[in-house]
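Structure at a glance
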Amino acid sequence: MGIFRRRETAADDQARTGRLLDGLDAAYTARTGEVCGEEPLDAFEDVVIDAAGAEATGPYPPPGHGYPRR
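Every value quoted in this text rests on a predicted model; they were computed, and no experiment measured them. (Residues numbered from 1 in each chain as written. Predicted model: local features only at pLDDT ≥ 70, side-chain atom pairs only at ≥ 80, totals over all residues. Heavy atoms only, no water.)

Looking now at the overall build of the chain. Along its length, the chain carries 2 helices and 0 strands. Counting across all 70 residues of the chain, residues that qualify as buried make up 10%. The long-range share in the chain, meaning contacts at least 24 apart out of those at least 6 apart in sequence, stands at 23%. On the chain, roughly 6300 Å² of surface is accessible, and the fraction owed to carbon and sulfur atoms is 57%. (Helix = DSSP H or I, 4+ residues; strand = E, 2+ residues; numbered from the N terminus. Buried < 20%, exposed > 50% of the residue type's maximum accessible area, 1.4 Å probe, protein only. Contact = heavy atoms within 4.5 Å. Areas by Shrake-Rupley, 256 points an atom, 1.4 Å probe, with all protein chains shown as cover.)

Another aspect to go through is the pattern of salt bridges. Inspection of every chain in the model, using the stated rule, returns 4 salt bridges. Note that aspartate 13 and arginine 16 form a salt bridge whose closest N and O atoms lie 2.9 Å from each other. Remark: arginine 16 and aspartate 13 occur in helix α1 (residues 10-32); sequence separation between them is 3 residues, near one turn of the helix. When its relative accessible area of 33% is taken as the criterion, aspartate 13 is described as partly exposed. Given a relative accessible area of 32%, arginine 16 falls into the partly exposed group. Linked by salt bridges that have partners in common, Arg31, Glu39, Asp42 and Glu45 make up one network. (Salt bridge = Lys/Arg side-chain N within 4 Å of Asp/Glu carboxyl O.)

Dropping the structure here:
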C-alpha cells in the first residue's frame, strides 16, 4: 500500500482492518493479562470493535448529495 496512492482497494481496507483488530487484541492482552478474559472492553476498545464490524448501509455518498463531482 503506497502512502500517496489516491485509490484504495477492498484488499487494502481488509488488511488495515486486520491490523487494527490485531492491535486491539494486543492492547487488551496487555491491559488484562489474558487473551480472552472476562473483563469488559474499555470505551475505546468498544468503539474500535463497533467501527471494525460495521456493515455498509448503502452507497456513499448517498444519492442526492450536494458534493461536487470531478
